[in-house]
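Okay, here's what each chain looks like letter by letter:
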Amino acid sequence: MNKGEYQLRVSMIVAVDNNYLMGSDNGGLPWKGIEKDKNHFRKYVASKTLLVGRKTFEEMDGWFQEHHTPYVLTRRIGYQTNSHTHVFNEIQDAIDYAKEKTVEEIVVCGGSEIYRLALQYTTTIILTILDSCFRVGGEPKFFPSIEELKSFGFEKYKEEYFKPSVQNEVGMSIIWLNRDRHLVPGLRK
Ligand SMILES: NC(=O)c1ccc[n+]([C@@H]2O[C@H](COP(=O)([O-])OP(=O)(O)OC[C@H]3O[C@@H](n4cnc5c(N)ncnc54)[C@H](OP(=O)(O)O)[C@@H]3O)[C@@H](O)[C@H]2O)c1
């Protein structure tokens, strides 16, 4: 690839319920694994570089495989993991490292703190909306609504609906949002 043409792409993949609930400070997803969404997640992130917060990383412990190369964000100095990861204390350092390695795409995989932090770098959001309202113990964590995302320049360009089935008790929409690269403040740095 010609170095002059190289551009890092940052995308986000997330699942929410009808209220944009995506997790809680007690950890864990508000729902039990929904096969259709799990498969969609696995397929999208395969062989990509993933950015996760320390809490989500620990929750997903054992899930990552060698080809995933997770970047883990923590404020802890000297944080170490047992697996093949890169640990960063600043999101900008993770972005710069990816650029240095000419990584094609970073996929931000949560949790809520990291989604909010990474929004300034993101051009694509792949949003699953589960057609139900869940409850969580602890403080609920939300993802920005589509209306909020529109105010940051995101526009919906694709939507697929999947009816409830034996494997997936709830219906779900997978919505793809995009925004122009010139609206992405973080990548200009
Ligand atoms: N629905 C979904 O698609 C989805 C996806 C992923 C996760 N989740 C859920 O989200 C919840 C977890 O989200 P969360 O917000 O509590 O945690 P998180 O975003 O996974 O991780 C938060 C941690 O990231 C580090 N961090 C945050 N801001 C930072 C910064 N500016 N610089 C450096 N490090 C920083 C800190 O780690 P240290 O404490 O180590 O300093 C912080 O405690 C869980 O319920 C999980 O199941 C849902």
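Structure first, text after, so check above.
Each chain has its residues counted from 1, running along the sequence as written. Local features in a predicted model are, by the rule used here, given only for residues with pLDDT of at least 70; side-chain atom pairs are given and counted only at 80 or more, and totals for whole chains, interfaces and linings are based on all residues.

J.: Got a sec to walk through the site of the ligand? Specific residues and values, please.
T.: By nearness alone, 28 residues border the ligand, and Gly23, Gly53, Thr56, Gly110 and Gly111 come closest of all. Under the scheme used here, helices are H or I runs from DSSP no shorter than 4 residues and strands are E runs no shorter than 2 residues, and both carry numbers assigned from the N terminus. Elements with a minimum of two residues in the shell around the ligand: strand S1 (9–16), strand S2 (21–24), helix H2 (54–59) and helix H4 (112–118). Note on residue classes: Ala, Val, Leu, Ile, Met, Phe, Trp, Tyr, Cys and Pro are nonpolar, Asp, Glu, Lys and Arg are charged, and everything else, Gly too, is polar. Residue composition of the shell around the ligand, grouped by class: eight nonpolar, eleven polar and nine charged. Contact assignment follows one rule, namely that a residue is near a molecule or strand if its backbone-placed C-beta atom lies within 6 Å of it.

J.: Which residues make up the sheet that holds strand S3 (residues 49–53), and what values go with them?
T.: An order of S5-S4-S3-S6-S1-S7-S10-S9 is seen for the eight strands of this open sheet, with the pairing classed as mixed. The open sheet has two edge strands with one neighbour each: strand S5 (86–88) and strand S9 (155–162). Between one strand axis and the next, the sheet turns through 20° on average, direction left out of account. We call two residues in contact when the distance between their C-beta atoms, placed using the backbone, is within 7 Å. A fitted line through C-alpha atoms represents every axis, and for helices the fit uses only the stretch in contact; the resulting angles, taken between N-to-C directions, go from 0 to 180 degrees. The sheet contacts of helix H1 (residues 35–45) involve S1, S3, strand S6 (105–108), strand S7 (124–130), S9 and strand S10 (172–178), and relative to S1 the element is tilted by about 170°. Note on pairing: two strands pair once DSSP finds at least 2 bridges between them.

J.: Help me get a handle on helix H3 (residues 91–100), residues and values and all.
T.: In an α-helix there are 3.6 residues to a turn, and that puts residues three or four apart on one side. Residue burial here comes from a neighbour count, namely the number of other C-beta atoms, placed from the backbone, that lie within 10 Å of the residue's own C-beta, with 20 or more meaning buried, 12 or fewer meaning exposed, and in between meaning partly exposed. What H3 keeps buried is the set Ala94, Ile95 and Ala98. The buried residues of H3 occupy an angular sector of 100° when the element is viewed end-on, so they sit on one face. In H3, the exposed positions that point more than 90 degrees away from the buried face belong to Gln92 and Glu100. Buried residues along H3 sit in contact with S3, strand S4 (70–73), S5 and S6. The directions considered for the arc are those from the helix axis to the C-beta atoms.

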